[in-house]
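Architecture and fold: a report
The primary structure of each chain is shown beneath.
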Amino acid sequence: MPSKKSLSAEQPALFDSLHLAHGVALVAGVDEAGRGPLAGPVVAAAVILDELQPIAGLADSKKLSPKRRLALYDEIRAKALCCSIAEASVEEIDRLNILQATLLAMVRAVQGLRLKPRLTLVDGNRLPALDMPAQAIVSGDALVPAISAASILAKVQRDQWCERIAADYPQYGFAAHKGYGTAAHLAALRTHGPCAHHRRSFAPVAQLLERAA
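Residues numbered from 1 in each chain as written. Predicted model: local features only at pLDDT ≥ 70, side-chain atom pairs only at ≥ 80, totals over all residues. Heavy atoms only, no water.

**Thoughts on the overall build of the protein**
Our working rule: Secondary structure elements are defined from DSSP: runs of H or I of at least 4 residues count as helices, runs of E of at least 2 residues count as strands, and each element is numbered from the N terminus. Type-normalised accessible area, obtained with a 1.4 Å probe on protein chains alone, sets the label of each residue: buried when under 20%, exposed when over 50%, and partly exposed for intermediate values. Residues are treated as being in contact if the distance between any of their heavy atoms lies within 4.5 Å. All accessible-area figures derive from a Shrake-Rupley calculation using a 1.4 Å probe, and residue coverage is judged against the displayed protein chains alone.
In terms of helices and strands, the protein carries 9 helices and 6 strands. With 213 residues in all, the protein has 48% of them scored as buried. In the protein, of all internal contacts separated by at least 6 residues, the share reaching a separation of at least 24 is 63%. Surface accessibility of the protein: about 10,200 Å² in total, with carbon and sulfur atoms responsible for 55%.

Written out as structure tokens, the structure is:
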């Protein structure tokens with residue numbers, strides 16, 4: 001049975017013991033991007049790093065500049081043993097709720113790996129339903145290199161989606177705010193109403209739809 005244990009940021013010394021306990025060579029890191037925005041899919045990534053090809057500078061994607069994230073994105077994809085990026089759609093977010101959609105995207109990311117991990121380490125305190133041993137690690141994106149790598153892949157993929165959509169919907173400014181509920185984004189929503197990519201179940205969008213009904 002997969003473990004449901006969650007490790008806090010105060011327990012980084014346990015990571016090595018996890019490897020020893022499971023005799024693990026194939027460790028996948030999993031993280032997501034896009035839980036908070038008002039629009040677009042939630043994106044998850046899974047990464048199994050190659051110990052023979054270390055990648056310098058892996059860190060929580062939120063702490064890196066866009067230029068550095070993009071450089072690491074390319075390096076991770078070139079050097080990792082395998083990686084996978086998956087999504088849960090706006091329709092799935094609205095139907096399932098954002099937490100369940102995020103866990104679904106994580107499952108899809110792990111299932112998309114070319115190699116099946118012996119152990120999966122997931123950022124946060126909730127685990128998706130996986131068919132291998134798994135650990136949830138609070139602040140894992142700052143502590144575990146494979147999770148850091150997954151956070152970078154997910155963040156870059158999600159940001160690139162926003163930049164593509166911005167070309168089709170320039171009135172919302174997606175390239176600047178990446179879908180988050182900034183003052184500029186909320187003002188655009190009030191002026192133009194939601195587009196097809198907005199999450200109808202999120203309060204600011206739902207409230208506008210109620211007023212328009």
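After that view of the structure, there is still more to cover.
**A word on the packing of aromatic side chains**
Just so we agree on the cut-off: Between the rings of Phe, Tyr and Trp (Trp by its six-membered ring), a pair exists once the centres lie within 6.5 Å; its type follows the angle of the planes, with under 30 degrees stacked, over 60 edge-to-face, and the other angles tilted.
Considering all chains together, one arrives at 3 aromatic pairs under this definition. Where Tyr-169 meets Tyr-172, the ring centres are 6.3 Å apart and the plane angle is 50°; that geometry is what we call tilted. Owing to a relative accessible area of 22%, Tyr-169 belongs among the partly exposed residues under this scheme. For Tyr-172, a relative accessible area of 4% translates into the label buried. For the ring pair Tyr-172 and Phe-174, a centre distance of 5.6 Å and an interplane angle of 35° mean the geometry is tilted. For the pair formed by Tyr-172 and Phe-174, the shared burial category is buried.

**Points about the nonpolar core**
As a reminder, the rule being used: To qualify as a nonpolar core, a set must consist of buried Ala, Val, Leu, Ile, Met, Phe, Trp, Tyr and Cys residues joined through side-chain atoms within 4.5 Å.
By size, the foremost hydrophobic cluster in this structure holds 40 residues, and its most contacted members are Val-42 and Phe-174. Those elements that provide at least two residues to this core are strand S2 (27-33), strand S3 (42-48), strand S4 (82-88), helix H4 (98-111), strand S6 (134-137), helix H6 (145-168), helix H8 (183-192) and helix H9 (203-212). The element contributing the most residues to this core is H4, with 9 residues. Core analysis: the second largest hydrophobic core is formed by 17 residues, Val-47, Ile-55, Leu-72 and Tyr-73 among them.

**A closer look at the layout of surface pockets**
Rules: Lining residues are those with an atom within 4 Å of a point, where the points come from a 1 Å grid over the protein atoms alone and group into cavities, where a 1.4 Å probe fits but cannot get out, or pockets, open sets with protein on both sides within 12 Å along at least five of seven lines. Grid points are joined across faces, edges and corners, and a volume is the space filled by probe spheres set on the points. Amino acid classes used here: Ala, Val, Leu, Ile, Met, Phe, Trp, Tyr, Cys and Pro are nonpolar; Asp, Glu, Lys and Arg are charged; the rest, including Gly, are polar.
If you add up the space inside the second largest pocket, you get close to 230 Å³. Residue lining of the second largest pocket: 17 residues in total, with Glu-32, Ala-33, Gly-34, Lys-62 and Tyr-180 positioned closest to the centre. Among the secondary structure elements, those contributing two or more residues to the lining of the second largest pocket are S2 and H6. In terms of residue class, the lining of the second largest pocket is built from 3 nonpolar, 4 polar and 10 charged.

**Observations concerning unusual backbone geometry**
Its identity is not glycine, yet Ser-139 carries a phi of approximately 60°, on the positive side. Considering the arrangement of structural elements, one finds Ser-139 in the loop between S6 and helix H5 (140-143). Given a relative accessible area of 34%, Ser-139 falls into the partly exposed group. For Lys-178, which is not glycine, the phi torsion reads 55° and is therefore positive. Along the polypeptide, Lys-178 turns up in the loop between helix H7 (174-177) and H8.

**Topic: the pairing of strand S5 (residues 119-123)**
In plain terms, the rule: Two strands are counted as paired when DSSP detects at least two bridges linking them.
Among the 5 residues of S5, 5 are classified as buried, and the element is accordingly described as predominantly covered. Going residue by residue along S5, you find Leu-119, Leu-121 and Asp-123 tucked away on one face and Thr-120 and Val-122 tucked away on the opposite face as well. Sheet topology note: the S2/S5 ladder contains 4 bridges and is parallel. Note that in S5 the partner of Val-30 across the bridge is Val-122. Sheet topology note: the S5/S6 ladder contains 4 bridges and is parallel. Looking across to S6, one finds that Val-122 is bridged to Ala-136.

**Considering the pattern of salt bridges**
Convention followed: Whenever a carboxyl oxygen of Asp or Glu lies within 4 Å of a side-chain nitrogen of Lys or Arg, that contact is scored as a salt bridge.
Taken as a whole and judged by the stated rule, the model has 7 salt bridges. A salt bridge links Asp-159 to Arg-69; the nearest nitrogen and oxygen atoms lie 3.6 Å apart. With Asp-159 in helix H6 and Arg-69 in helix H2 (residues 66-79), the pair connects residues that are 90 residues apart, well separated along the chain. The exposure classification of Asp-159 matches that of Arg-69, with both residues buried. Residue Lys-155 is joined to Asp-159 by a salt bridge in which the shortest nitrogen-to-oxygen separation is 3.2 Å. Taken together, the positions of Lys-155 and Asp-159, both in helix H6 and 4 residues apart, correspond to about one turn of that helix. With relative accessibility at 9%, the residue Asp-159 sits in the buried group.

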